[in-house]
Amino acid sequence: QSLAEESYKKAVKTKEESLDSKYQLQAKIDEVNSILGRIEKYNYQSYAGQKYTVAKDKVKQASAYYSNDNLKAGFETVEIAKINADEAYKSTMNGVSSSKIADAEKAVAEAEKSDGAAYAEEDLAAAKEAVDNAKRMRNNGNYDESITYSNEAIRLANSVIEEGNKAAIAAKVKSQAE
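Cut-offs used in this document
Residues numbered from 1 in each chain as written. Predicted model: local features only at pLDDT ≥ 70, side-chain atom pairs only at ≥ 80, totals over all residues. Heavy atoms only, no water. Helix = DSSP H or I, 4+ residues; strand = E, 2+ residues; numbered from the N terminus. Expected span 1.5 Å × (residues − 1). Contact = heavy atoms within 4.5 Å. Buried < 20%, exposed > 50% of the residue type's maximum accessible area, 1.4 Å probe, protein only. Salt bridge = Lys/Arg side-chain N within 4 Å of Asp/Glu carboxyl O. Core = buried A, V, L, I, M, F, W, Y, C linked by side-chain atoms within 4.5 Å. Phe/Tyr/Trp six-rings, centres within 6.5 Å; stacked < 30°, edge-to-face > 60°. Lys NZ or Arg CZ within 6 Å of the ring centre and 35° of its normal.

Q: How do you make sense of helix α6 (residues 143-177) when you look at a structure like this?
A: For an α-helix the count is 3.6 residues per turn, leaving residues at separations of three or four pointing the same way. The terminal C-alpha atoms of α6 lie 51 Å apart, and with 35 residues this matches the ideal 51 Å at 1.5 Å per residue to within 8%. Where α6 is buried, its residues meet α3 (71-113), α4 (116-119) and α5 (121-139).

What follows is the structure in structure tokens.
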């Protein structure tokens, strides 16, 4: 092999590695933006405003470094963005799911006191179970599932209250008919 061929092969390999690094940096930037996008669906300002802001600023910086082919600085910056985005996500989702659980517990407590508790025992039991599942999911870091269970508990609790209202109306109609 001639020296020229060897140099050419090295240059091609270096260029491929550079493109691979650039691709990896873009993938990391996309990952951080995806995390931030999920956080933005919720009231992140209350739970993780500072971490979110740092992550947003750093990912913007990393994108600029990417555009200027400054990959080393891009990787360093995107790492800081990722750490902050992950922490912001955890804080936000823990806060949101805890708030939802509190709403669900309140709804279940109201359902227990309602007239419907006597008529819709299965729904009431299911609502309580959904609250327990929501807590377990939150504690395991499954925040989306926790929120889903909390919403289900609220729906069931409202259904119990509604059953009580229907029963009261039916009893009233019946007493008027007699």
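Q: Looking at this structure, how should I read the side chain of Ser 150?
A: Within the element layout of this structure, Ser 150 appears in helix α6. Given a relative accessible area of 0%, Ser 150 falls into the buried group. When neighbours within four sequence positions are excluded, Ser 150 is seen to be in contact with Ser 97, Lys 100, Ile 101, Ala 104 and Ala 134.

Q: Where do I start with the pattern of salt bridges in this structure?
A: One pass over the full model with this rule turns up 11 salt bridges. In this structure, the salt-bridge partner of Glu 40 is Lys 56, at a minimum N-O distance of 3.3 Å. Taken as a pair, Glu 40 in the loop between α1 (3-39) and α2 (44-67) and Lys 56 in helix α2 lie far apart in primary sequence, 16 residues in all. Lys 56 sits in the partly exposed class, given a relative accessible area of 31%. Residue Lys 51 is joined to Glu 87 by a salt bridge in which the shortest nitrogen-to-oxygen separation is 2.8 Å. In this pair, Lys 51 is assigned in helix α2 and Glu 87 in helix α3, connecting sequence segments 36 residues apart. What emerges from the salt-bridge pattern is a single network uniting Glu 31, Lys 82 and Asp 86.

Q: Quick question: what am I supposed to make of the nonpolar core here?
A: Where a protein is soluble and globular, its nonpolar side chains tend to be buried together. Core analysis: the biggest nonpolar cluster contains 22 residues, and Val 32, Leu 36 and Ile 39 have the highest contact counts within it. Where this core is concerned, the elements lending two or more residues are α1, α2, α3 and α6. By residue number, the principal contributor to this core is α3, which donates eight residues. Once residues within four sequence positions are removed from consideration, Leu 36 is found in contact with Tyr 52, Ala 55, Lys 56, Val 59 and Ala 85.

Q: How should I be thinking about the packing of aromatic side chains in this particular structure?
A: Enumeration according to the criterion identifies two aromatic pairs in this entry. Note on Tyr 44 and Tyr 52: the rings are 4.0 Å apart at their centroids and 35° apart in plane angle, and the pair reads as tilted. Taken as a pair, Tyr 44 and Tyr 52 share a single burial class, namely buried. Ring geometry for Tyr 89 versus Tyr 143: centroids 6.3 Å apart, planes at 75°, classification edge-to-face. With Tyr 89 in helix α3 and Tyr 143 in helix α6, this residue pair connects regions lying 54 residues apart in the sequence. The exposure classification of Tyr 89 matches that of Tyr 143, with both residues buried. In this structure, Lys 22 is placed above the aromatic ring of Tyr 66, and the distance from its NZ or CZ to the ring centre is 4.7 Å. If you follow Arg 38 out to its NZ or CZ, it ends over the ring of Tyr 89, 4.8 Å from the centre.

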